[in-house]
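A closer look at the structure
Okay, here's what each chain looks like letter by letter:
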Amino acid sequence: RKFNRPPIGPVGMYLSLKEDHWALAIEAALGASFGTFLVHSEHDQQELRRCCQRARVGAPFSYVSSFDRSKLQIPRNSLPPREFQTVASVVKINHPDLSHVIWNYLVDQAGIERTVLLEDERAATVAIFDEQRALPSRKGFTADGFVAEVRGRGTQVYRPVLKDWSRPRIEIDGRDEEQDRIRFESLLAEKRSEIRDLETRIRRCTAREKQSASACKRLEKEADELTDKAITLDTQVQQKYEELQDALNDAVTGGGTEDLAAQIAEVELQIAEKEKFVQSTEQMLSKLGDEIESHKEQIERKQADVEKLRTENEDMVSNAQFLEEELEKAAQDVEIFRKKIEYAKKQVAKLEKHRDEHKPEYDRELALVEETCCSREELSGAVAAVEGVMDRDTPLELENDDDVALVEKLLAKMKANISSLEKECGSLEELELQYLRCEKDYEHKQKMFVKIKGPWELLRGALGERWQKFEAIKAHLQKCANFSFNYLLGKRGHTGTLKFKEEELKMVVRLNGGKGVRDLKSLSGGERSLATLAFMLSLQSETPFRAADEFDVFQDAVNRKVSLLTLLQFAVEHPGTQMLLLTPQDLSAVDEIKEDVIAKHENYNDKFIKLVRIS
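Because the structure is a prediction, the values reported are computed rather than measured. (Residues numbered from 1 in each chain as written. Predicted model: local features only at pLDDT ≥ 70, side-chain atom pairs only at ≥ 80, totals over all residues. Heavy atoms only, no water.)

This part covers the overall build of the protein chain. Counting secondary structure elements, the protein chain contains 13 helices and 14 strands. Sorting the 615 residues of the protein chain into buried and exposed places 25% on the buried side. Intrachain contacts of the protein chain at a sequence separation of at least 6 include 64% that bridge at least 24 residues. Of the roughly 44,400 Å² of accessible surface on the protein chain, 53% is carried by carbon and sulfur atoms. (Helix = DSSP H or I, 4+ residues; strand = E, 2+ residues; numbered from the N terminus. Buried < 20%, exposed > 50% of the residue type's maximum accessible area, 1.4 Å probe, protein only. Contact = heavy atoms within 4.5 Å. Areas by Shrake-Rupley, 256 points an atom, 1.4 Å probe, with all protein chains shown as cover.)

Before going further, it helps to examine the layout of surface pockets. Computed from the structure, the largest pocket encloses a volume of approximately 860 Å³. The wall of the largest pocket is formed by 28 residues, among which M579, L580, L581, K610 and L611 lie closest to the centre. Among the elements that line the lining of the largest pocket, the one with the most residues is strand 14 (residues 578-582), at five residues. Split by residue class, the lining of the largest pocket holds 18 nonpolar, six polar and four charged. (1 Å grid on protein atoms, 1.4 Å probe; cavity = no way out; pocket = protein on both sides within 12 Å on 5 of 7 lines; lining within 4 Å. Points joined across faces, edges and corners; volume = space filled by probe spheres on them. Nonpolar A, V, L, I, M, F, W, Y, C, P; charged D, E, K, R; others polar.)

Attention now goes to the packing of helix 11 (residues 525-538) against helix 12 (residues 557-573). Helix 12 packs onto helix 11 with a crossing angle of 10° between their chain directions and a minimal axis gap of 10 Å. Considering the angle they form, helix 11 stands roughly parallel to helix 12. Only N559, S563, T566, L567 and F570 of helix 12 make contact with helix 11, whose side of the interface consists of G526, L530, L533 and L537. Of the residues assigned to the contact of helix 11 with helix 12, the class counts are five nonpolar, four polar and no charged. (Axes fitted to C-alpha atoms, helices over the stretch in contact; angles between N-to-C directions. Parallel < 35°, antiparallel > 145°, perpendicular 65-115°, else oblique.)

At a minimum axis separation of 8 Å, helix 10 (residues 428-490) and helix 11 run at an interaxial angle of 145°. Pair helix 10 / helix 11 crosses with right-handed handedness. Residues A481, S484, F485, L488 and L489 of helix 10 form the contact with helix 11, whose own contacting residues are L530, A531, A534, F535, L537 and S538. Class assignment of the residues belonging to the contact of helix 10 with helix 11 gives a composition of nine nonpolar, two polar and no charged. (Left-handed = near helix turned anticlockwise from the far one by under 90°.)

To continue, consider the sheet that holds strand 7 (residues 139-142). One open sheet accounts for five strands, arranged 4-6-7-8-9; its pairing is mixed. Of all strands in the sheet, those with a lone pairing partner are strand 4 (85-86) and strand 9 (155-160), marking the two edges. Where strand 8 (residues 146-151) and strand 9 come together, six bridges link them in antiparallel fashion. The residue bridging A148 from the neighbouring strand is Y158, located in strand 9. Most of the contacts of helix 1 (residues 23-30) go to strand 7, to which it runs at about 140°, and overall it touches strand 6 (116-118) and strand 7. (Pairing = 2+ DSSP bridges.)

This paragraph deals with the pairing of strand 13 (residues 545-549). Examined bridge by bridge, strand 13 and strand 14 share five bridges and lie parallel to one another. Its bridge partner lying in strand 14, F545 is registered against Q578. Tracing the backbone out of strand 13, into helix 12 and back to the parallel element strand 14 gives a crossover that is right-handed. (Right-handed = clockwise from strand over helix to strand, strands pointing away.)

Applying the stated criterion across every chain yields a total of one cavity of 30 Å³ or more. By volume, the largest cavity is sized at about 30 Å³. Forming the walls of the largest cavity are L488, L530, L533, A534, L537 and T566. If you tally residues by element for the lining of the largest cavity, the top one is helix 11, at four residues.

A separate point is the confidence of the model for the protein chain. Looking at the protein chain, pLDDT values average 77 and 79% of them are 70 or higher. Element-level pLDDT for the protein chain is lowest in strand 11 (residues 505-510), with a mean of 59, against a maximum mean of 93 in strand 2 (residues 37-39). (pLDDT = per-residue confidence, 0-100.)

Pairing is possible between side chains of opposite charge, provided their charged atoms come close. Counting across every chain of the model gives eight salt bridges. With a closest N to O distance of 2.9 Å, R69 and D108 form a salt bridge. Remark: D108 occurs in helix 4 (residues 99-110) and R69 occurs in the loop between strand 3 (62-64) and strand 4; sequence separation between them is 39 residues. For R69, a relative accessible area of 31% gives the class partly exposed. With a shortest N-O distance of 2.9 Å, R151 and E149 are connected by a salt bridge. Exposure remark for E149: the relative accessible area of 11% places this residue in the buried category. The structure contains a network of salt bridges with shared partners spanning E47, R50 and R54. (Salt bridge = Lys/Arg side-chain N within 4 Å of Asp/Glu carboxyl O.)

Moving on to the packing of aromatic side chains. Scanning the model with the defined rule gives three aromatic pairs in all. Consider the rings of Y63 and Y105, whose centres lie 5.0 Å apart with planes at 55°: the pair is tilted. On the criterion of sequence distance, the pair formed by Y63 in strand 3 and Y105 in helix 4 is long-range, its members being 42 residues apart. With 5.1 Å between their ring centres and 15° between their planes, F146 and Y158 make a pair best called stacked. Residue F146 is found in strand 8, and its partner Y158 is found in strand 9; the two are separated by twelve residues along the sequence. Cation over ring: K71 sits above W103, and NZ or CZ is 4.9 Å from the ring centre. (Phe/Tyr/Trp six-rings, centres within 6.5 Å; stacked < 30°, edge-to-face > 60°. Lys NZ or Arg CZ within 6 Å of the ring centre and 35° of its normal.)

Before going further, it helps to spend a moment on the nonpolar core. With 33 residues, the main nonpolar core has I26 and L38 as its most contacted residues. The set of elements that each furnish at least two residues to this core consists of strand 1 (15-17), helix 1, helix 3 (87-90) and helix 4. The element that contributes the greatest number of residues to this core is helix 4, accounting for six residues. Setting aside anything within four residues of it in sequence, one finds I26 in contact with L17, G31, F34, V87, V90, V91, L117 and I170. Of all hydrophobic cores here, the second largest spans 22 residues; its members include L530, F535, L537 and I593. (Core = buried A, V, L, I, M, F, W, Y, C linked by side-chain atoms within 4.5 Å.)

The pairing of strand 6 with strand 7 spans three bridges and is parallel. Along strand 7, the bridge assignment pairs V116 with G140. With three bridges joining them, strand 7 and strand 8 adopt antiparallel strand pairing. Residue pairing for strand 8: G140 is matched across the bridge by A148. Where strand 7 hands over to strand 8, the hairpin turn is made up of three residues, of which G145 adopts a positive phi near 90°.

A few words on the environment of T281. As for its position among the elements, T281 is in helix 7 (residues 257-372). For the pair formed by T281 and A223, sequence separation is 58 residues and the distance between their alpha carbons is 9.7 Å. With sequence-adjacent residues up to four places away left out, T281 is seen in contact with L226 and A230.

Here we take up the side chain of T36. The residue T36 is located in the loop between helix 1 and strand 2 in this model. We classify T36 as buried; its relative accessible area is 2%. In this structure, T36 is in contact with I8, G9, P10, V11, F61, Y63 and Y105, ignoring residues within four places of it in sequence.

Take a look at the structure:
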């Protein structure tokens, strides 16, 4: 009730999308403004903060925007080309009465009319970073939540605005839940198909991994065999070399040169064959080593792929399991509700059958009771009245003997109260007569109140308006007086301020730029007289006469001259005011001051200043 106009907010509650494709882009562009409250004035802003304090909650961000301000009209030449979509073109404002206030806020703070929407980074590069495009706005948002903008002197920025887990908070107005359910089921079917494909890929990769592992083991076994053969050949070569050495020694000793030469040739031939075999074996070992390393790298890559696919499969399986659990839970709830509905239908049919069977007997007894006692409506009214008097939480049941006893006891008590009240207040006829008189008196006073209320409302409204004008005029006069006071003191090199309050006036004087003096008693006589004179002249009162007696008694020659110059200039500037200045001091400086005044005022008249000396 203390708001001038109720606040609007949060802003995001009144926004919806025209196209679901731009949901992430709008979240990135306007997400920070969704929680903002719009208020009509600073008074409403302070009242909103006080309300939050009373409710013990943090005050939301609020923005002051006049609700009476008309909707902003954007010129066509200030908008991006028609080929670009903007934030304003895909956002719908749904407030019933004050949609123009939200529009003005989004235009002022977010620039929705010139912020473009782009498909991807390539489109952003062409539209924002290309200097030849020359768009009105150098900022845009992509469909996946990235912002592209040019900062400062051509700094190009392309970065994500939203977190990975962020989701759009506004959607298309009037979304069909059935379509959402169908889309959800189709998405679930796609995820299940992707899970099956991943499982198939995992099985294939596992089989390939097993084949690669078996091939790697086979190659390692062949490499071990070749290594053993190489070691055996080296041993044989060493043995042959030792035999050759023995034979050479025997030949040198025994003189069998021809046999020795034949044996050497035969051994050299064997050595050449063995070396050739060793070289081929080493080449084969190198080739097998390369194949083993290649297979190991393939195995490592396959293992990484399998681990990645296993992780993705586990995530998708968990999501699918969650979705299946939700569907199963929903199906169970549907089945439970269906059984409850069937049971309720059976109970209703059973009760209707029982009612139809006993209805004739019930009608006969009801007619007999109505003839004997009272009608059903009268009985229901009486029971309701008794329940109201007894202040019961549960309804009365007249079939219950305890309830009947309570009613009889209450009836006896009420009869006794009626008898005592008749003795104290009079009979019922006297009370009715008194009631009629009071009712006539009330109607008469009500008419008088209606007659008085209209003028009172007008007076109250006029008083409020006049009081506001009075406060505005008072504030203006206070500012003028403060400015004039400081201006007059400044002629002597001082400064000063006037602080007005309802109960007191505070005057602060600074002498030659020093510290402020609040107590004028601490000033010298001349300074105090100068401050008092400045205060009197700063008051904006339109009085026809002003008089000052011995205003320069306690002033030195410099202050006296400044005071006389100030008074004479004030008198010339206010020709409608008659000023009388009395002083026992020497007035020889008046002629010099008059010359200064004449030099500063073209319309000066000799009759403005008249000097009278009394001997």
